[in-house]
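# Coordinate analysis (summary)
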Amino acid sequence: MSIILDANAPETATSPNQAADLIKDSSVETFVQDVIEPSMEVPVVVDFWAPWCGPCKNLTPVIEKVTREAGGRVKLVKINIDENQELAMQLRIQSVPTVYAFKGGRPVDGFQGGQPESEVRAFYEKLAGGPIESPIEALLEQASAALAEDDFETAHGLYVGVLEREQENETAIGGMIRCMVGMGEVEETRHFVDNMSDIDRMKAPIAAAISALELAETGYSSADLDDARAKVAADPTDLQAQFDLGMACFATNKREDAVNAMIAIIRANREWNEDAGRTQLLKFFEAWGPMDPASVAGRRALSTVLFS
């Protein structure tokens, strides 16, 4: 996936040189210098894998990620058992993936088979003697807080920082789309979205952000707000005016008013314009996110209208 990046984004947790020192491929010829000797100073995790091993393809990237986040407290060495069968036999590797941890020149812990990131992190924390915090989660939390305050530039920079580390992070991609829409870069955002794969567009955080883009593309703005309010005040039964009011309120981030306008349409005539009031209201919820107070209150109000 092509990601729009910012030259001023924070640097990654480890530089290329550091990463090369922390994570390397090894063999029977270099095992002593790559594993045994370094383990006298820091724990060394050895990942035994094979090109034909499906679980290995899932586990190895997780191990590499946690190794980088450990910041030098643990090193990783990867051994392809197909190319190092003698070593695999010496260490009694019976299946892959198999992971051993070496400390003080000898194996001290290990596991076999695929593991979720939480278990891998716990394994590393035991070796490192303390917690290994994910900078990704911290950046995402900061970005979400900035986005909630409509500080789009700050949030954008933080999401870029995440994508510098994890280019496929769907939460960050969705956040970037929201930021670009918030900064008025609607055409650029549409071009970006149109170049994404169908699979990526269907991922929940990205799909929700695309809903925000689609709403922005409707063309409603603050200029429409006073006119729509005047029309509704003159004729509360004018459902098109109510709809325009709801859309203009959404465009100007008046979330409660946007919900109320669509609820008024549903209450008056749910079938109006092919159920447009409910359809747009659901798009509002998706664009704001399910935990947004306006979404929570709006869903409660919608349920009341539909089931009362």
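So, about the overall build of the protein. Across its full length, the protein holds 16 helices and five strands. Taking 2.2 N^0.38 as the reference for a compact globule, 308 residues should give roughly 19 Å; the C-alpha atoms of the protein span a radius of gyration of 26 Å, well beyond that estimate. Here the C-alpha coordinates of the protein stretch approximately 85 × 40 × 35 Å along the principal axes. In the protein, buried positions account for 44% of the 308 residues. The contacts in the protein between residues at least 6 apart in sequence include a share of 65% that link residues at least 24 apart. Surface accessibility of the protein: about 16,000 Å² in total, with carbon and sulfur atoms responsible for 49%.

For the protein, per-residue confidence averages 90 on the pLDDT scale, and residues scoring 70 or more make up 94% of the total. When the criterion is pLDDT under 50, residues 4-17 qualifies, and its contacts beyond four places in sequence or with other chains add up to 25 contacts.

Turning our eyes to something else, we now look at helix 7 (residues 152-165). Between its first and last C-alpha, helix 7 extends 20 Å over 14 residues, near the 20 Å set by a 1.5 Å rise per residue. Within the span of helix 7, buried status applies to Ala155, His156, Gly157, Leu158, Tyr159, Val160, Gly161, Val162 and Leu163. Buried residues along helix 7 sit against helix 6 (135-148) and helix 8 (170-182).

What follows concerns the nonpolar core. Counting residues in each nonpolar core, the largest one holds 30 residues, and the members touching the most others are Phe243, Leu245, Phe250, Met262, Leu281, Phe284 and Trp288. For this core, the elements supplying multiple residues, two or more each, are helix 11 (204-216), helix 12 (225-234), helix 13 (239-251), helix 14 (255-268), helix 15 (276-288) and helix 16 (293-307). A total of eight residues in this core trace back to one element, the largest contributor, which is helix 13. Residues within four places of Met262 in sequence aside, it is in contact with Phe243, Gly246, Met247, Gly277, Gln280, Leu281 and Phe284. In terms of nonpolar packing, the next biggest core, distinct from the first, is built from 25 residues, Val160, Cys179, Ala209 and Ile210 among them.

Considering all chains together, one arrives at one disulfide under this definition. Here Cys53 pairs with Cys56 through a disulfide, and the sulfurs are 2.4 Å apart. Because the torsion about its S-S bond is 85°, the bridge between Cys53 and Cys56 counts as right-handed. Here the two residues Cys53 and Cys56 agree in accessibility, since each one is buried.

Glancing now at the pairing of strand 3 (residues 75-80). The element strand 3 is extensively covered by neighbouring structure, given that five of its six residues are classed as buried. Inspection of the sheet shows strand 1 (residues 23-25) paired to strand 3 by three bridges, in the parallel sense. Within strand 3, the residue paired with Asp25 across the bridge is Lys78. Two elements, strand 2 (residues 44-49) and strand 3, share six bridges in a ladder whose sense is parallel. Bridging from a neighbouring strand, Phe48 pairs with Ile79 of strand 3. Between strand 2 and its parallel partner strand 3, the chain crosses via helix 3 (residues 54-69), and the hand of that crossover is right-handed.

This part takes up the side chain of Thr60. Looking at the secondary structure, you find Thr60 in helix 3. A relative accessible area of 12% means that Thr60 is categorised as buried. Other than its neighbours up to four places away in sequence, Thr60 contacts Asp47 and Lys78.

Turning our eyes to something else, we now look at the sheet that holds strand 3. Strand order in the open sheet made by the five strands is 1-3-2-4-5, with mixed pairing throughout. The open sheet has two free edges, formed respectively by strand 1 and strand 5 (106-112), since each of these has just one partner strand. When the angles between neighbouring strand axes are averaged without regard to direction, this sheet yields 20°. Against the sheet, helix 3 contacts strand 1, strand 2, strand 3, strand 4 (98-103) and strand 5, and its axis sits at roughly 155° relative to strand 3. Against the sheet, helix 5 (residues 117-128) makes contact with strand 2, strand 3, strand 4 and strand 5, and its axis sits at roughly 170° relative to strand 5, the strand it touches most.

Before going further, it helps to examine the packing of helix 7 against helix 8. Here helix 7 crosses helix 8 at 155°, and the two axes come no closer than 9 Å. It follows that helix 7 is roughly antiparallel to helix 8 by the angle criterion. Of the two elements, helix 7 crosses helix 8, and the hand of that crossing is left-handed. Touching Phe152, Ala155, His156, Tyr159, Val160, Val162 and Leu163 of helix 7 are Thr171, Ala172, Ile173, Gly175, Met176, Arg178, Cys179, Met180 and Gly182, all from helix 8. Looking at the contact of helix 7 with helix 8 residue by residue, the classes come out as 11 nonpolar, four polar and one charged.

A full pass over the atoms with the stated rule returns eight aromatic pairs. A ring pair is formed by Phe48 and Tyr100, whose centres lie 5.8 Å apart and whose planes are at 75°; its orientation type is edge-to-face. One end of the pair, Phe48, is in strand 2; the other, Tyr100, is in strand 4, and 52 residues separate them in sequence. Ring geometry for Phe243 against Trp272: centres 5.9 Å apart, planes inclined by 50°, an arrangement best described as tilted. Placement of the pair is Phe243 in helix 13 and Trp272 in the loop between helix 14 and helix 15, with a sequence separation of 29 residues. Residue class for Phe243 comes out buried when judged on its relative accessible area of 11%. Overall, Trp272 belongs to the buried group, its relative accessible area being 18%. Of the aromatic side chains, those joined through ring pairs into one cluster are Phe111, Phe123 and Tyr124.

Here is what the cut-offs are and how they apply
Residues numbered from 1 in each chain as written. Predicted model: local features only at pLDDT ≥ 70, side-chain atom pairs only at ≥ 80, totals over all residues. Heavy atoms only, no water. Helix = DSSP H or I, 4+ residues; strand = E, 2+ residues; numbered from the N terminus. Rg over C-alpha atoms; globule rule 2.2 N^0.38 Å. Buried < 20%, exposed > 50% of the residue type's maximum accessible area, 1.4 Å probe, protein only. Contact = heavy atoms within 4.5 Å. Areas by Shrake-Rupley, 256 points an atom, 1.4 Å probe, with all protein chains shown as cover. pLDDT = per-residue confidence, 0-100. Expected span 1.5 Å × (residues − 1). Core = buried A, V, L, I, M, F, W, Y, C linked by side-chain atoms within 4.5 Å. Disulfide = S-S within 2.5 Å. Pairing = 2+ DSSP bridges. Right-handed = clockwise from strand over helix to strand, strands pointing away. Axes fitted to C-alpha atoms, helices over the stretch in contact; angles between N-to-C directions. Parallel < 35°, antiparallel > 145°, perpendicular 65-115°, else oblique. Left-handed = near helix turned anticlockwise from the far one by under 90°. Nonpolar A, V, L, I, M, F, W, Y, C, P; charged D, E, K, R; others polar. Phe/Tyr/Trp six-rings, centres within 6.5 Å; stacked < 30°, edge-to-face > 60°.

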